[in-house]
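A structural walkthrough
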Amino acid sequence: MSQRLSRRDFMKTGAAAGVGLALPRDVEATAPAVIVRRSRPVVVSSRNGHVYRHDGTLTCVETVFQEMTGGTDILDSVLEGVKINELDPGDASVGYGGLPNGDGVVQLDASCMHGPRKQAGSVACLEGVRTPSFVARAVMANTDHHLLVGPDAQRFARNMGFTIEDDLNSDDSRDRWLEWRRRIDPSRWPGEEDRERIGFLSGMEMVEEGLIDAEHYWGTINCNAVNSQGEVAGCTTTSGLAWKIPGRVGDSPILGAGLYVDGEVGAAGSTGRGEANLFNLTSFLIVENMRRGMSPLDAGMEGLRRIRDNTVERRLLDEEGNPSFNVRFYVVNREGEYAGVTLRGEGEYAVCTENGPEFAPFEALL
Ligand code: GLY
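Keep in mind the model is a prediction, meaning the values are calculated, not measured.

**A short note on the confidence of the model for the chain**
With 85% of its residues at a pLDDT of at least 70, the chain reaches an overall mean of 88. When the criterion is pLDDT under 50, residues 4-31 qualifies, and its contacts beyond four places in sequence or with other chains add up to 32 contacts.

**Re the site of the ligand**
Taken together, 10 residues lie near the ligand, and T220, R248, D251, G272 and G274 sit nearest. Separating an oxygen atom of the ligand from a side-chain N or O atom of R248 is a distance of 2.7 Å. G272 places a main-chain nitrogen or oxygen 2.7 Å from a nitrogen atom of the ligand. With the chains in place, 100% of the 200 Å² that the ligand exposes on its own is no longer accessible. Applying the majority rule of atoms within 2 Å of the grid points places the ligand in the largest cavity. When the residues that make up the shell around the ligand are grouped by side-chain class, the tally is 2 nonpolar, 6 polar and 2 charged.

**Things to note about the sheet that holds strand β14 (residues 356-361)**
If you trace the 8 strands from one edge of the open sheet to the other, you get β6-β5-β4-β8-β7-β3-β13-β14, paired in mixed fashion. A strand with exactly one partner marks an edge of an open sheet, and here the two such strands are β6 (147-149) and β14. Mean inter-strand twist for the sheet, computed between neighbouring axes without regard to direction, equals 10°. By the bridge criterion, 6 bridges tie strand β4 (residues 108-114) to strand β5 (residues 119-126) in an arrangement that is antiparallel. Looking at the pairing, A110 lines up with V123 of β5. Each of β5 and β6 is contacted by helix α6 (residues 150-159), which is oriented at about 110° to β6, the strand it contacts most.

**Points about unusual backbone geometry**
Between R40 and the following residue, P41, the backbone shows a cis peptide bond with an omega angle of 5°. The topology assignment puts P41 in the loop between β2 (34-38) and β3 (42-45). The phi torsion at H54 lies on the positive side, around 50°, for a residue other than glycine. Even without being glycine, K118 reaches a positive phi, approximately 55°. Using a relative accessible area of 56% as the deciding quantity, one classes K118 as exposed.

**Details of the environment of G321**
Within the element layout of this structure, G321 appears in the loop between α12 (296-309) and β11 (327-333). Remark: the alpha-carbon pair of G321 and R308, spanning 13 residues in sequence, is separated by 9.5 Å.

**A few points about the side chain of S270**
Here S270 is to be found in strand β10 (residues 266-272). At a separation of 2.7 Å, a polar atom in the side chain of S270 contacts the side chain of N277. Setting aside anything within four residues of it in sequence, one finds S270 in contact with T220, N222, T236, D251, A257, G258, N277, S283, R328, F329 and Y330.

**Looking at helix α3 (residues 60-69)**
By the criterion of burial, α3 is predominantly enclosed, with 7 of the 10 residues buried. Taken residue by residue, α3 has C60, V61, E62, T63, V64, F65 and M68 as its buried positions. For α3, the secondary structure elements touched by its buried residues are β3, α4 (74-87), β7 (221-226), β13 (348-353) and β14. Among the residues trailing α3, G71 stands out with phi positive, at a value near 105°.

**Here we look at the side chain of Q107**
Along the chain, the position of Q107 falls in the loop between α4 and β4. Assessed through its relative accessible area of 7%, Q107 is described here as buried. A distance of 3.3 Å separates a polar atom in the side chain of Q107 from a polar atom in the side chain of N101. The contact partners of Q107, leaving out residues within four places of it in the chain, are N101, C125, L126, E127, T238, S239, K244, P246 and G247.

**Regarding the packing of α3 against α4**
Between α3 and α4, the shortest axis-to-axis distance is 8 Å and the interhelical angle comes to 155°. Considered as vectors, α3 and α4 are oriented roughly antiparallel to each other. Relative to α4, the crossing made by α3 is right-handed. Contact residues: α3 offers C60, T63, V64, E67 and M68, while α4 offers I74, S77, V78, E80, G81, V82, I84 and N85. In terms of residue class, the contact of α3 with α4 is built from 7 nonpolar, 4 polar and 2 charged.

About the cut-offs
- Residues numbered from 1 in each chain as written.
- Predicted model: local features only at pLDDT ≥ 70, side-chain atom pairs only at ≥ 80, totals over all residues.
- Heavy atoms only, no water.
- pLDDT = per-residue confidence, 0-100.
- Contact = heavy atoms within 4.5 Å.
- Near = heavy atom within 4 Å.
- Polar contact = N/O pair within 3.5 Å; in protein donor to acceptor, adjacent residues only side chain to side chain.
- Areas by Shrake-Rupley, 256 points an atom, 1.4 Å probe, with all protein chains shown as cover.
- 1 Å grid on protein atoms, 1.4 Å probe; cavity = no way out; pocket = protein on both sides within 12 Å on 5 of 7 lines; lining within 4 Å.
- Sits in = over half its atoms within 2 Å of the grid points.
- Nonpolar A, V, L, I, M, F, W, Y, C, P; charged D, E, K, R; others polar.
- Pairing = 2+ DSSP bridges.
- Helix = DSSP H or I, 4+ residues; strand = E, 2+ residues; numbered from the N terminus.
- Axes fitted to C-alpha atoms, helices over the stretch in contact; angles between N-to-C directions.
- Buried < 20%, exposed > 50% of the residue type's maximum accessible area, 1.4 Å probe, protein only.
- Parallel < 35°, antiparallel > 145°, perpendicular 65-115°, else oblique.
- Left-handed = near helix turned anticlockwise from the far one by under 90°.

So this is what it looks like as C-alpha cells:
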C-alpha cells in the first residue's frame, strides 16, 4: 500500500534531505509529491520478478507472497519464487538459458540470507545446476561456510543430490553467444585501447539492435520479502555479465554487495554492474544506513551516491562525468516500507502486497 506525502510531511520525514533537495517555501504548491510505500507482508524484486511464469501461472513475487502468507518459511518462500526465473529460459539473465561467459559456458552466481536465523549461503561460478539459489541454501543449511565456488561448488551440489547437466545454454542463449563471437576480435584479450570497443561496445551494439534485452546484459533477479511477523529474507541469483571472462564473479553471491539481510533491520539487493557494487559493498551500506534510521528510499539513494562518487575511471563515465552504467537496488525494512532506486534513467520494479502484484517506478539519482 502506498501513501502520498505532502511537501510538509516529506520534509518532516527527512526524505528531502536524504535526496539532496532543498525546496524553497514558495514552491510548496508545486513541489512533487513523494510516495512512501509501505505494506506488510510485502515482496519486492527486480522487474523480471513479475514477468516470467515458467510452466505455471504465478510469477516470482506472486509465488513468494502466496508461500509466506500460507506459512512457509520466509527464505523458502523467496526461493520458491526465484526458482521460476531460474528455470524459465525466457529470462536470459538467470539460471537455465542465462547468457553464457566468453567461452560459451553458463556460469551462475547466487546468494541467500535468512534474517531470523542470521544464516547465509552463496555459490559462484557454478556450472550445470539450473537452480543455484537452492545450492546456496544447501551451503547455508549443511556446511559451516558461506561461499563455495567453481567445480567444487558443483561437486558439492552433486553430493547434495542436485542434477548436474553438461550445458545450461538454451538455443537462444547459444545463438546470442555465437553472434557475439562473430563480432569480436578472436584474440579476445584486447589491449587497453581496444578493450572498451571490442568487449563492451560489441555487447551494447547487440542491445541496441534488439538482439539482447538491456535488462539481461547484467541481468539478475534480486527478491526480498517481509512476512506479517516482520521476518525478512532475500535472494539474488544470476548468470552474471554476458560474455564475462570465465571465472569472473559479480556482486550477486557476495554478501554485502549483491545482497544483504539483517533480520533486525531489513534487506537490500541489486541488479546491474556488479563491479561497481563490489567496490562499494552497497547492499551492506544501505542496510547499515537503515539501521541508523534512514528510510529505504533515503538509504538506497545514499548507496547510489556512494557508487557515483567512487566512479572516476574515464572509461566508465559519460559526457557529463557521471557513471555510464546502471545499478539498481531493491530495499525493504522490517516494517514493510520499501523502495526501488536506480542510478540512471527510469524503469520499474516488481512488488506484491495484499493488493496483489504491481510494477512501481524507480526513484532515479541521475
Ligand atoms: N549484478 C550482476 C553481475 O554483475 O553479475
